[in-house]
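If you want the building blocks of each chain, they are given just below.
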Amino acid sequence: MAAQETLSQTTRLASSSALLQVLFRVVTFGLNAFTLRYLSRELIGVVNVRLTLLYSTVVFLAREAFRRACLSGSTKRNWTKTINLLWLTVPLGVFWSICLGLVWLHLLEVPDPSVVPHYQAGVVAFGLSAIIELLGEPFWVLAQAHLFVRLKVIAESLSVVSKCILTVILVVLYPQWGLYIFSLAQLLYVSVLVMCYVIYFVMFLGSPEATKKSFPIARMKALLPNLVEDETFVNWKEARLTWSFFKQSFLKQILTEGERYVMTFLNVLNFGDQGVYDIVNNLGSLVARFIFLPIEESFYVFFAKVLERGKNVKDQKQDDVAMAANVLELLLKLVLLIGLTITVFGYAYSQLALDIYGGSMLSSGTGPDLLRRYSLYVLFLAINGVTECFTFALMCKEEVDRYNFVMLALSFTFLCISYFLTHWHGSIGFILANCFNMGIRIAHSIHYIYDYFKESTYRPLRGLLPSPFLVLIYIISGVITGFSEVFFCCDKGWMGRLIHISMGALCFAATIITMFCTETKLIHFVRSQFLSRYMKKGT
């Protein structure tokens, strides 16, 4: 069955991506802990908030809509027109880099050169890195559409390793270089990433493997913009869908990076506080990035391939509907349980984690409270990722356009709430505003999923209802670890910390055992889809 094969490939892509993210987020995690000992928190705040925001905004606005539109539907299409459309991301990226670069240089507060040297060079380098990355967009979409798992793993692995190695070397040898260090590392990262995709397709196209797979592209020249006589330059259906997604992506970027925009444009926190917030934010979002994001990206492709965009549930192939509903239910249950685990255990272990990671600079002040609130936010992220993944894969153009108005109102509300909550509760206000934002988006997606399946016998939203006994175990674990933190952590010495960790380990083990006993259907799904390829390799 085509749908079953797509599910198998998708779960392989998701599990490989998740494994990759785990490995290299750990590397980045260690790198940040290392650089904290050498660089000021003001410098880290400028790099991780101000400059990274410039890069992510340019890349997101230039390519996100194209990715969503060009990954929808079957791989059997006129790829020449799709590739022509994807190359438009480059001039769009140049436009956004110039416009936003001028804003970053002339309209925003410039850091003190004695504390954060070479700011102007950093802005130019991060804007240029976004353009370089967009040069690989046609290759990335082609690989993602055909589920080239190994290519993505190798490309991201080499690029992240190269960036980390160069950063460590320069931080140790030339800490006075300031933003030059991160600028060179960023340029190396995107260059290696793009070159991996280019070199792969140079070797793959025309090979026996490509011929065996009936790959739609035969030569590298076909991956460049091409004019076809008596035909339009692009597929206008894809172009119109891209425009709809572009309007939505603009708003989604504000919602996704809203707190960074507020920090950057409204100056509610100084650069040092921005650095602490970003470190805590990165620490809290580790699970979201290396588990939830790969699942969202991979299963967006699955739902877009198995179900046809714009058709109601009765007009779809019923076998495919049954599979999609079952997968959606189990994905919701999976991310819900991961999110609940992070929320329950994150509350009692936030201060300990920050103390081990960054010392008193992070474990004192608002750091622990920030990470505790972020543990709750992870639960919202978990549910929103899967529900929006399904919703965006099925929405027709008109539904996307209507949703844009919802996003517009939500963007404005979110920015206002962020501003006021930050004045009221400091940097914690950002996380509270994000929880509100995610809650509204989850409510919209749940409403869409309910309406989509209401005329069928399938109820995938039951995945959001864990076993009552498991919920009880979560409550007991939260109470026990909470008391353990009060009595044993974190000013009672290492013996008290070890007792605290041991209590958490016992409660965590009890929670996992309860999961295996009460969520048997989910355990079978994870074993058969996500873990099967690794279990087979070991036998």
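Please read these numbers as outputs of a predicted model, since none were measured by experiment.

1. Some points on the overall build of the chain
Okay, so step 1: Each helix and strand in the chain was counted, giving 22 helices and zero strands.
Okay, so step 2: Relative to its 539 residues, the chain shows a buried fraction of 57%.
Okay, so step 3: For the chain, contacts bridging at least 24 residues in sequence account for 83% of all contacts bridging at least 6.
Okay, so step 4: Put simply, the chain shows about 23,600 Å² of open surface, and 67% of that area lies on carbon and sulfur atoms.

2. Considerations on helix H8 (residues 179-204)
Okay, so step 1: If you check H8, its first and last C-alpha atoms are 38 Å apart, about what 26 residues at 1.5 Å a residue would give, namely 38 Å.
Okay, so step 2: Among the residues trailing H8, Gly206 stands out with phi positive, at a value near 85°.

3. Overview of the packing of aromatic side chains
Okay, so step 1: Tallying each qualifying case throughout the model produces 21 aromatic pairs.
Okay, so step 2: With a centroid separation of 5.9 Å and 45° between ring planes, the pair formed by Phe139 and Phe201 is classed as tilted. On the criterion of sequence distance, the pair formed by Phe139 in helix H6 (residues 137-145) and Phe201 in helix H8 is long-range, its members being 62 residues apart. Comparing Phe139 with Phe201, the two get one shared label, buried.
Okay, so step 3: A ring pair is formed by Phe303 and Phe390, whose centres lie 5.1 Å apart and whose planes are at 80°; its orientation type is edge-to-face. Pair noted here: Phe303 is in helix H13 (residues 286-306) and Phe390 is in helix H16 (residues 367-394), with a separation of 87 residues, a long-range link. For the pair Phe303 and Phe390, a shared accessibility class is recorded, and that class is buried.
Okay, so step 4: One aromatic cluster is present, built from ring pairs that chain together Phe299, Phe302, Phe303, Phe390, Tyr448, Tyr452 and Phe453.
Okay, so step 5: When the ring centre of Tyr300 is taken as origin, the NZ or CZ atom of Arg68, which lies over that ring, is 4.8 Å away.
Okay, so step 6: Arg497 extends its terminal NZ or CZ atom over the ring of Trp494, reaching a point 4.6 Å from the ring centre.

4. Focus: a nonpolar patch on the surface
Okay, so step 1: Together, Phe469, Leu472, Ile476, Ile480, Met495, Leu498, Ile499, Ile501 and Met503 line one region of the surface with nonpolar side chains, adding up to about 760 Å² of accessible area.
Okay, so step 2: When residues of the nonpolar patch are traced back to their parent elements, those giving at least two are helix H19 (468-488) and helix H20 (493-518).
Okay, so step 3: Topologically, Ile499 is positioned in helix H20.
Okay, so step 4: The class for Ile499 is partly exposed, based on a relative accessible area of 31%.

5. Observations regarding the packing of helix H11 (residues 258-266) against helix H17 (residues 397-425)
Okay, so step 1: Close contact between H11 and H17 brings their axes to 10 Å; oriented N to C, the two are set at 60°. Judged by the inter-axis angle, H11 sits oblique to H17. Note that H11 runs across H17; the crossing there is right-handed. Residue-level contacts link Gly258, Glu259, Val262 and Leu266 of H11 to Phe414, Leu415, Ser418 and Tyr419 of H17.
Okay, so step 2: Looking at the contact of H11 with H17, its residues break down into five nonpolar, two polar and one charged.

6. Overview of the pattern of salt bridges
Okay, so step 1: Evaluation of the coordinates by the stated rule reveals 12 salt bridges.
Okay, so step 2: Glu64 is the partner of Arg68 in a salt bridge, and the nearest nitrogen-oxygen pair spans 3.2 Å. Of this pair, Arg68 and Glu64 both sit in helix H2 (residues 41-70), separated by four residues, roughly a single helical turn.
Okay, so step 3: By relative accessible area, Arg68 is classed as buried at 11%.
Okay, so step 4: One salt bridge in this structure joins Glu388 and Arg441, with 2.8 Å as the shortest N-O distance. Residue Glu388 is found in helix H16, and its partner Arg441 is found in helix H18 (residues 428-453); the two are separated by 53 residues along the sequence.
Okay, so step 5: Arg441 gets classed as buried once you look at its relative accessible area, which sits at 2%.
Okay, so step 6: Salt bridges sharing partners connect three or more residues here, namely Arg63, Arg67, Glu133 and Glu137.

7. What about the nonpolar core?
Okay, so step 1: Core analysis: the biggest nonpolar cluster contains 157 residues, and Phe201, Phe215, Phe303, Phe390 and Phe453 have the highest contact counts within it.
Okay, so step 2: With 19 residues, helix H14 (residues 318-358) is the single largest residue contributor to this core.
Okay, so step 3: Among residues more than four places away in sequence, those in contact with Phe215 are Leu142, His146, Phe148, Phe201, Phe204, Leu205 and Ala210.
Okay, so step 4: Core analysis: the second largest hydrophobic core is formed by five residues, Ala348, Tyr349, Leu352 and Cys490 among them.

8. Things to note about unusual backbone geometry
Okay, so step 1: Not every positive phi belongs to a glycine, and His118 is a case in point at roughly 65°.
Okay, so step 2: As for its position among the elements, His118 is in the loop between helix H4 (89-106) and helix H5 (119-134).

9. Concerning the environment of Lys252
Okay, so step 1: Position of Lys252 among the secondary structure elements: in helix H10 (residues 236-256).
Okay, so step 2: In this structure Lys252 comes out as buried when scored by relative accessible area, which is 8%.
Okay, so step 3: Excluding residues within four positions of it along the chain, Lys252 makes contact with Phe60, Glu64, Arg68, Glu296, Glu388, Phe392, Met407 and Arg441.

10. Regarding the environment of Leu142
Okay, so step 1: Relative to the elements of secondary structure, Leu142 occurs in helix H6.
Okay, so step 2: If near-sequence neighbours (up to four positions away) are discounted, Leu142 is found in contact with Trp79, Phe201, Phe215, Ile217 and Leu223.

11. Some thoughts on the environment of Leu92
Okay, so step 1: Tracing the backbone shows Leu92 in helix H4.
Okay, so step 2: For Leu92, a relative accessible area of 23% translates into the label partly exposed.
Okay, so step 3: Among residues more than four places away in sequence, those in contact with Leu92 are Leu61, Ala62 and Phe66.

Cut-off values and rules
Residues numbered from 1 in each chain as written. Predicted model: local features only at pLDDT ≥ 70, side-chain atom pairs only at ≥ 80, totals over all residues. Heavy atoms only, no water. Helix = DSSP H or I, 4+ residues; strand = E, 2+ residues; numbered from the N terminus. Buried < 20%, exposed > 50% of the residue type's maximum accessible area, 1.4 Å probe, protein only. Contact = heavy atoms within 4.5 Å. Areas by Shrake-Rupley, 256 points an atom, 1.4 Å probe, with all protein chains shown as cover. Expected span 1.5 Å × (residues − 1). Phe/Tyr/Trp six-rings, centres within 6.5 Å; stacked < 30°, edge-to-face > 60°. Lys NZ or Arg CZ within 6 Å of the ring centre and 35° of its normal. Patch = residues over 30% accessible without salt bridge, like charges linked within 9 Å, V, L, I, M, F, W, Y side chains within 5 Å. Salt bridge = Lys/Arg side-chain N within 4 Å of Asp/Glu carboxyl O. Axes fitted to C-alpha atoms, helices over the stretch in contact; angles between N-to-C directions. Parallel < 35°, antiparallel > 145°, perpendicular 65-115°, else oblique. Left-handed = near helix turned anticlockwise from the far one by under 90°. Nonpolar A, V, L, I, M, F, W, Y, C, P; charged D, E, K, R; others polar. Core = buried A, V, L, I, M, F, W, Y, C linked by side-chain atoms within 4.5 Å.

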